[in-house]
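Analysis of the macromolecular model
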Amino acid sequence: MLFFIAWRNVWRQRIRSLVIIMAMIVGVWGLTLAIGFINAFTDSYLDNIVKYELAHMQVHHPKFKDDFDLKYDLKEGDVQLDKIKQIEGVKGVTARSIVSAMISSSKTASGVKVIGIDRKEEPTVSNVEDLIIEGEYLDGKMRNPIILGEKLAEKLNVKIRSKLVLTFQNELGDITAAAFRVNGIYKAQSPKLNEGSVFVRARDIARSIGAENKVNEVAILLEPTANEDSVYKDVSNIYQQYLVEKWSDIAPEIEMLRSQSKISTTILVTIFMLALVFGIVNTMLMAVLERIRELGMLMAIGMNKIRVFSMILFETFYLGLISCPIGLFFGYLTLSYFSYNGFDLSSYAKGLEDIGYSTVVYPTLAFQQYAGLAAGIFITALLGAMYPAFKAIRLKPVEALNKI
Amino acid sequence: MAIIEVIDVKKVYNPDEIPVEALRGVNLQIEPGEFTAIVGPSGSGKSTLLNIIGGLDSPTRGKILIGGRDISEMKESQLIDFRLNNIGFVFQSYNLIPVLTAIENVAFIMELQNVSKKERNQRAMELLEEVGIAEQYNRRPSQLSGGQQQRVAVARALASRPKFILADEPTANLDSVSTSNLLDMMAEMNEKEKATFIFSTHDQRVIDKAKRIITLEDGIIVSDVVKSNLTHVSE
Ligand SMILES: Nc1ncnc2c1ncn2[C@@H]1O[C@H](COP(=O)(O)OP(=O)(O)O)[C@@H](O)[C@H]1O
Ligand SMILES: [Mg+2]
């Protein structure tokens with residue numbers, strides 16, 4: 001009957017209960033949306049990095065980091081792409097030849113990272129092809145095709161078919177130059193990719209430098225379900241003398257981004273929980289104070305403190321039981337809508353693209369996050385009810401009964 | 001043997017500030033089956049005495065033995081259980097749980113005693129019949145008159161099968177017809193259920209219905225009359 005009394009007590013002050021319930025619903029709803037969007041921003045950023053820049057794993061000569069140079073190459077017999085492909089969880093693998101070069105147009109010049117790709121294998125790992133907004137990928141009949149980001153194209157003032165000169169240093173330290181033609185222009189979220197890198201075919205680099213085709217990077221893309229650690233182990237076994245790195249180790253901003261999103265989430269959750277505590281303390285304290293006489297009567301006739309305390313907690317529990325699922329459900333519906341249709345931020349946030357985020361985001365919340373929120377709400381609400389409940393059981397029956 | 005023994009009880013309120021001596025040495029025995037009124041002017045100490053007998057307040061000095069047990073020694077949590085199982089209460093007002101119906105209010109106290117659901121519902125209904133409001137069993141307190149509410153309170157007090165029932169001015173908020181009806185009903189319960197009632201009042205019509213009349217003045221018993229043979233028990 002205690003559950004039943006508590007339930008009816010909730011509805012004694014209908015308006016007051018509805019107000020706190022609505023507030024909790026809106027709060028929970030807003031919180032799920034906010035966390036969903038934080039997830040989406042983080043994921044879209046990380047996704048972009050994996051899809052267009054780093055893939056999931058990279059293999060280099062240990063000294064490659066210091067200097068993008070073909071002298072730190074992976075020896076022919078060592079590349080062993082077929083072996084990598086056999087590893088369970090590997091979706092695609094490709095070898096690249098990366099050099100630094102000076103790129104010049106008739107207008108200006110700029111230092112860039114030249115990524116020489118294998119036209120056939122590259123698409124199994126990188127999706128840069130999808131980013132092309134003008135012209136096409138490294139296909140066609142043109143000699144020495146090159147693709148570059150729209151920012152760089154703008155800076156160099158080049159269009160499709162414009163001529164560009166790449167100046168490299170060959171292995172002997174001699175400077176060689178080669179002419180390339182703009183075959184395509186892409187638009188990437190990452191500033192590195194949009195301004196600082198260009199793509200050409202690896203064999204065109206080799207020919208321009210007048211050397212044999214060398215590779216200094218192997219990039220591996222995993223299946224979504226792959227176990228990153230186990231693949232990492234297998235890859236490391238194949239490349240014992242080289243450096244195998246996971247994407248999160250390569251780009252320091254990834255850890256930073258992850259911890260940032262964790263911090264933002266924590267701040268939001270903390271603010272919400274604080275508001276919840278205050279709301280519950282306020283509501284339940286009113287509920288206790290306005291029935292002091294009744295509580296005095298109950299304790300006088302023999303309702304013990306555990307029962308009185310539980311009754312107050314049950315009342316609070318019901319507030320959560322009504323509002324929490326509704327709020328989470330609204331959140332779920334809204335997130336489902338946006339995760340299906342995407343949420344286009346381009347009209348709100350022009351600058352986002354420039355710092356590497358997508359303007360269309362797909363907010364989501366993991367099941368554990370829903371569950372964690374629900375648990376947090378109940379725990380917080382019950383904590384908030386402790387004070388009013390203690391207040392209730394500390395009443396002295398006679399004094400309470402005589403309260404005016 | 002007496003079910004209640006009040007031995008030299010004194011009660012001083014606010015001992016540190018302006019002390020009020022509400023009871024100044026009260027000695028009293030109540031036997032099972034009594035129908036006793038505690039009377040006296042306002043401020044004479046009636047409520048104080050009933051609260052102390054009921055274990056709701058503790059005496060500054062003296063002892064209260066209930067069924068031979070000294071309740072002034074008990075801890076607060078012990079007292080709550082003791083009250084539940086030994087004492088029935090009828091207050092002047094705010095007796096009932098507003099969110100429960102009449103029958104639920106009566107059954108509630110039996111639930112606190114862990115009586116089975118079947119038994120408590122049956123007994124609650126029987127008691128409502130006995131106190132004469134069986135028809136209103138499904139109404140909430142707000143849908144009952146003051147007199148009806150007090151009847152439910154008496155039924156609730158009886159429901160826990162207490163050793164005795166304390167009622168502090170149970171008729172103070174009632175009109176004269178309801179007052180007289182309530183007292184008749186209580187007298188009937190006293191006869192039929194062998195329930196012991198101790199009630200306080202300053203209403204002469206209520207006093208007339210009592211079988212024993214204990215008069216308090218300034219915290220002291222000034223007369224104690226048993227009506228059936230009209231002998232003074234003590235003076
Ligand atoms: N909680 C209290 N604090 C201080 N004085 C009190 C308190 N309760 C009662 N008194 C005083 O004790 C005396 C007896 O009061 P009470 O027992 O309520 O009398 P009655 O019920 O006969 O009117 C009165 O003088 C009253 O003012
Ligand atoms: Mg009084």
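Everything numeric here is computed off the predicted structure, so don't read it as measured data.

What counts, and where the lines are drawn
Residues numbered from 1 in each chain as written. Chains lettered and ligands numbered in written order. Predicted model: local features only at pLDDT ≥ 70, side-chain atom pairs only at ≥ 80, totals over all residues. Heavy atoms only, no water. Axes fitted to C-alpha atoms, helices over the stretch in contact; angles between N-to-C directions. Helix = DSSP H or I, 4+ residues; strand = E, 2+ residues; numbered from the N terminus. Parallel < 35°, antiparallel > 145°, perpendicular 65-115°, else oblique. Left-handed = near helix turned anticlockwise from the far one by under 90°. Contact = heavy atoms within 4.5 Å. Nonpolar A, V, L, I, M, F, W, Y, C, P; charged D, E, K, R; others polar. Near = heavy atom within 4 Å. Polar contact = N/O pair within 3.5 Å; in protein donor to acceptor, adjacent residues only side chain to side chain. Areas by Shrake-Rupley, 256 points an atom, 1.4 Å probe, with all protein chains shown as cover. Domains from an automatic or database assignment. Buried < 20%, exposed > 50% of the residue type's maximum accessible area, 1.4 Å probe, protein only. Pairing = 2+ DSSP bridges. Patch = residues over 30% accessible without salt bridge, like charges linked within 9 Å, V, L, I, M, F, W, Y side chains within 5 Å. Salt bridge = Lys/Arg side-chain N within 4 Å of Asp/Glu carboxyl O. Phe/Tyr/Trp six-rings, centres within 6.5 Å; stacked < 30°, edge-to-face > 60°. 1 Å grid on protein atoms, 1.4 Å probe; cavity = no way out; pocket = protein on both sides within 12 Å on 5 of 7 lines; lining within 4 Å. Points joined across faces, edges and corners; volume = space filled by probe spheres on them. pLDDT = per-residue confidence, 0-100.

Comments concerning the packing of helix H5 (residues 146-159) of chain B against helix H6 (residues 176-192) of chain B
All names here are of chain B. Across the interface, H5 lies against H6 with an axial gap of 10 Å and an inter-helix angle of 15°. Of the possible angle classes, the one that applies to H5 and H6 is roughly parallel. The two elements H5 and H6 meet at a crossing, and its hand is right-handed. On H6, the residues touching Gly147, Gln150, Arg151, Val154 and Leu158 of H5 are Ser178, Asn181, Leu182, Met185, Met186 and Met189. Here the contact of H5 with H6 is built from residues that sort into 6 nonpolar, 4 polar and 1 charged.

Brief notes about the site of ligand 1
All names here are of chain B. If you check the shell around ligand 1, you find Tyr13, Asn14, Val20, Ala22, Pro41, Ser42, Gly43, Ser44, Gly45, Lys46, Ser47 and Thr48 and nothing else. Between ligand 1 and Gly45 there is a distance of 3.1 Å, counted from an oxygen atom to a backbone nitrogen or oxygen. Burial of ligand 1 by the surrounding chains reaches 62%, relative to a free accessible area of 560 Å². No other element matches the 3 residues that helix H1 (residues 46-53) contributes to the shell around ligand 1. Per-class residue counts for the shell around ligand 1 are 4 nonpolar, 7 polar and 1 charged.

Considering the domain arrangement of chain A
As far as domains go, chain A holds domain 1 (2-49 + 255-401) and domain 2 (62-241). The gap between the C-alpha centroids of domain 1 of chain A and domain 2 of chain A is 50 Å.

Examining the pairing of strand E3 (residues 35-39) of chain B
All names here are of chain B. When you tally the buried positions in E3, you get 5 out of 5 residues, the bulk of the element. Burial along E3 is two-sided: Phe35, Ala37 and Val39 and Thr36 and Ile38, pointing in opposite directions, are all buried. As paired strands, E3 and strand E8 (residues 197-201) are joined by 5 bridges and run parallel to one another. By the bridge assignment for E8, Thr36 is matched with Ile198. Relative to strand E9 (residues 212-217), E3 runs parallel, the two sharing 4 bridges.

Quick word on the sheet that holds strand E1 (residues 4-13) of chain B
Residue and element names in this part refer to chain B. The strand order across the open sheet built from 4 strands is E2-E1-E4-E5, with neighbouring strands paired in antiparallel fashion. Edge positions in the open sheet fall to strand E2 (20-30) and strand E5 (69-70), since each of these has one partner strand only. In this structure, E1 lies alongside E2, joined through 8 bridges in antiparallel fashion. Bridge pairing in E2 links Val12 to Glu21.

So, helix H10 (residues 292-301) of chain A
Residues and elements named next belong to chain A. Buried residues dominate H10, accounting for 9 of its 10 residues. Of the residues making up H10, those classed as buried are Ile292, Glu294, Leu295, Gly296, Met297, Leu298, Met299, Ala300 and Ile301. One or two steps after H10, the chain reaches Gly302, where phi turns positive at roughly 120°.

Observations concerning a nonpolar patch on the surface
Residues and elements named next belong to chain A. Residues Trp29, Ile326, Phe329, Phe330, Tyr332 and Leu333 make up a contiguous nonpolar surface patch of about 540 Å² in total accessible area. Take the nonpolar patch: its biggest share by element is 5 residues, from helix H11 (residues 305-341). Looking at the secondary structure, you find Trp29 in helix H2 (residues 14-54). Residue classification places Trp29 among the partly exposed residues on the basis of a relative accessible area of 31%.

Overview of the pattern of salt bridges
This model, assessed by the stated rule, comprises 27 salt bridges over all chains. Arg120 of chain B is the partner of Glu111 of chain B in a salt bridge, and the nearest nitrogen-oxygen pair spans 3.5 Å. Salt bridges here are not isolated pairs; linked through shared partners, they connect Asp82, Lys85 and Glu121 of chain A.

Examining the packing of aromatic side chains
Tallied over the full model, the rule gives 17 aromatic pairs over all chains. Ring plane angle 90° and centroid distance 4.7 Å describe the contact between Phe338 of chain A and Phe343 of chain A, whose orientation is recorded as edge-to-face. According to the relative accessible area criterion, Phe338 of chain A is buried, its value standing at 17%. Accessibility expressed as a relative area gives 22% for Phe343 of chain A, which makes it partly exposed. Geometrically, the ring pair formed by Phe35 of chain B and Phe197 of chain B is edge-to-face, given 5.7 Å between the ring centres and 75° between the ring planes. Placement of the pair is Phe35 of chain B in strand E3 and Phe197 of chain B in strand E8, with a sequence separation of 162 residues. Phe35 of chain B sits in the buried class, given a relative accessible area of 1%. Taking the relative accessible area as the measure of exposure, Phe197 of chain B reaches 1% and is therefore buried.

Re the side chain of Glu315 of chain A
Residue and element names in this part refer to chain A. Position of Glu315 relative to the elements: it lies in helix H11. The buried category is assigned to Glu315, whose relative accessible area is 3%. Apart from residues no more than four positions distant in its own chain, Glu315 is found in contact with Ala6, Asn9, Val10, Met284 and Arg291.

A word on empty space enclosed by the protein
All names here are of chain A. Within the structure shown, the criterion is met by 1 cavity of 30 Å³ or more. What the largest cavity holds in volume is close to 100 Å³. Taken together, Asn9, Val10, Arg12, Arg16, Ser17, Thr283, Met284, Ala287, Glu290, Arg291, Glu315 and Leu319 make up the full set of residues lining the largest cavity. Sorting the residues of the lining of the largest cavity by element identifies helix H1 (2-10), H2, helix H9 (252-289) and H11 as the ones contributing at least two each. For the lining of the largest cavity, the per-class residue count stands at 4 nonpolar, 3 polar and 5 charged.

Concerning the confidence of the model for chain A
Averaged over every residue, the pLDDT of chain A is 89; the share at 70 or more is 96%. Per-element averaging of pLDDT across chain A places strand E12 (residues 360-361) of chain A at the bottom with 80 and H10 of chain A at the top with 96.

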